[in-house]
Amino acid sequence: MQHVSGDAMRRRVVISSTIGNALEWFDFTVFGLFAGVISKLFFPADDPRASLLSTFAVFGIAFAARPLGGLVFGLYADRYGRKKALVVMITMMAFGTGLIGVLPTYASIGIAAPALLLLARLIQGFSAGGEFGSASAMLIEFAPPGRKGLYGAFQTVSQALAFALGAMLAVLLGKTLSPADFASWGWRVPFILGILIGPVGWYLRRRCDESPEFQAYLAGLAARAPARKKTTLGRLVAEHPRELLASFGLIAAGTAIYYVGGVFLPAFAASELRLPLADAQLGLLAVSLANVPLGLASGLLSDRIGRRGVIVPALLLYPILYVLLFRQLVAEPTTAHLWQLQSVGLLLGVLGGAVPAFMTEIYPVGVRATGASLMYNFGVMLFGGLAPFINTWLVQATGDKTAPVYYIMFAATVGLLGMAVYRRRA
């Protein structure tokens, strides 16, 4: 590889890391946004609600593969390097996404269709499992002094851009295609695009250097080879319990907010409140675009005033506003009230700007990718991936259309408890 300057390599790392993370979130976003048509094509049933529940169940079950992928790729990244792990992961992600785009439907191959859909989602989940921890470690380990928050915030930027791109494609396809064309082939377009993004990310990641902090860590291990300690799950749990609890709590809160607002709410607004789905997608698009500069500003602010000063106020304010505006929407379902509720998602941009740096820098280099990846994926699996299914079930089981506010309140509380448990090490 030809020599490039430090600033040029940092730019390369930022671009390659954000592309992979964006592909991960783009996959999950479009699956959630197109859940209605996917449910009819892969889980046909007399009751549309039963079809939607089956689709959200597949959406959630795939998250079970994420902690395993986080453990496998996290250990690999902590032993052999961030770069090697990131190259393998983006290849798998592109394959899983592309598979969904070309799958035959239930009408063509029967029960094999939903089975293959689940397989594709499991591949996506496993490969995405190590992405957050490894990519975040790469970003903050390349960051200049005093800029780890800003560099970590590019994780949030990539997520917001992926969400915006997914919502933009959903609006565009919904507005330009007839319902028949959309159901026939239009919904496949975003997934097939994932095949094209994968090779670009693979090429860029191959051309990155290994993280300088990780190289220094390996050099230190080589100097004291007889006392070398391998990264293991047992070592991580025994030596870093507070870090694990804090990072789990933050991800539990953030992903619950993300998946309730981004995946559950559009489907809920259309099916239960009879509001136009395109309006919900448009509101989502606007908030996602606004979270790009907001996330970067939040990361930069956390470099100046500390991570807690950004994270804790956002966790306190979010559930309060969500309860008030969700109840207003249910009492008077209008597009204006829907957009007011969706605007609370701007606090997710504030939260997400500081969280990636916080939950990676609290771990030492030798367990950083494993710890961040594992807790990220347990949090996403339990509080994010199952959020659409749980909230759909809560509304149906209780008959209370405002039931999702309790889920949001619980998740925010878990995040605040995680922050209360953590104590910075000397």
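Residues numbered from 1 in each chain as written. Predicted model: local features only at pLDDT ≥ 70, side-chain atom pairs only at ≥ 80, totals over all residues. Heavy atoms only, no water.

1. Some words on the pattern of salt bridges
Any two side chains of opposite charge can pair, given that their charged atoms come close. What the rule picks out here adds up to 9 salt bridges. Of the charged contacts, one joins R82 and D78 as a salt bridge, the two residues approaching to 2.7 Å between their closest N and O atoms. The buried category is assigned to R82, whose relative accessible area is 0%. Take D78: its relative accessible area is 1%, and that puts it in the buried class. (Salt bridge = Lys/Arg side-chain N within 4 Å of Asp/Glu carboxyl O. Buried < 20%, exposed > 50% of the residue type's maximum accessible area, 1.4 Å probe, protein only.)

2. Things to note about a nonpolar patch on the surface
Taken together, the side chains of V102, I192, L193, I195 and L196 make up a nonpolar region of the molecular surface, amounting to roughly 420 Å² of accessible area. Per-element accounting of the nonpolar patch gives the leading share, 4 residues, to helix α11 (residues 189-206). Summarising the element assignment, V102 is placed in helix α5 (residues 82-102). (Patch = residues over 30% accessible without salt bridge, like charges linked within 9 Å, V, L, I, M, F, W, Y side chains within 5 Å. Areas by Shrake-Rupley, 256 points an atom, 1.4 Å probe, with all protein chains shown as cover. Helix = DSSP H or I, 4+ residues; strand = E, 2+ residues; numbered from the N terminus.)

3. Focus: helix α15 (residues 277-305)
Helix length check: α15 (29 residues) gives 40 Å between terminal C-alpha atoms against 42 Å at 1.5 Å per residue, within 8%. The largest bend along α15 reaches roughly 35° and is located at V292, with the proline P293 sitting one to four residues downstream. Once α15 finishes, G306 follows within two positions and takes phi at roughly 100°, a positive value. (Expected span 1.5 Å × (residues − 1). Bend = angle between axes of the 7 residues up to and from the residue.)

4. Notes on the confidence of the model for the chain
Looking at the chain as a whole, the pLDDT averages 85, with 95% of positions reaching at least 70. Summarising per-element confidence for the chain, the mean pLDDT is lowest in helix α3 (residues 48-61) (74) and highest in helix α17 (residues 335-343) (95). (pLDDT = per-residue confidence, 0-100.)

5. Things to note about the packing of aromatic side chains
One pass over the structure, following the stated rule, counts 16 aromatic pairs. On the numbers, 6.0 Å between centres and 70° between planes, the contact of W187 with F191 is edge-to-face. In this structure, W187 and F191 share a single accessibility class: buried. Ring geometry for Y318 against Y322: centres 5.3 Å apart, planes inclined by 20°, an arrangement best described as stacked. Of the two residues, Y318 and Y322 are both situated in helix α16 (residues 308-331); the distance of 4 residues between them amounts to about one turn of the helix. For Y322, a relative accessible area of 2% gives the class buried. One aromatic cluster is present, built from ring pairs that chain together F264, F268, Y318, Y322 and F326. Residue placement shows R121 over the ring face of F31; its charged tip is 4.6 Å from the ring centre. (Phe/Tyr/Trp six-rings, centres within 6.5 Å; stacked < 30°, edge-to-face > 60°. Lys NZ or Arg CZ within 6 Å of the ring centre and 35° of its normal.)

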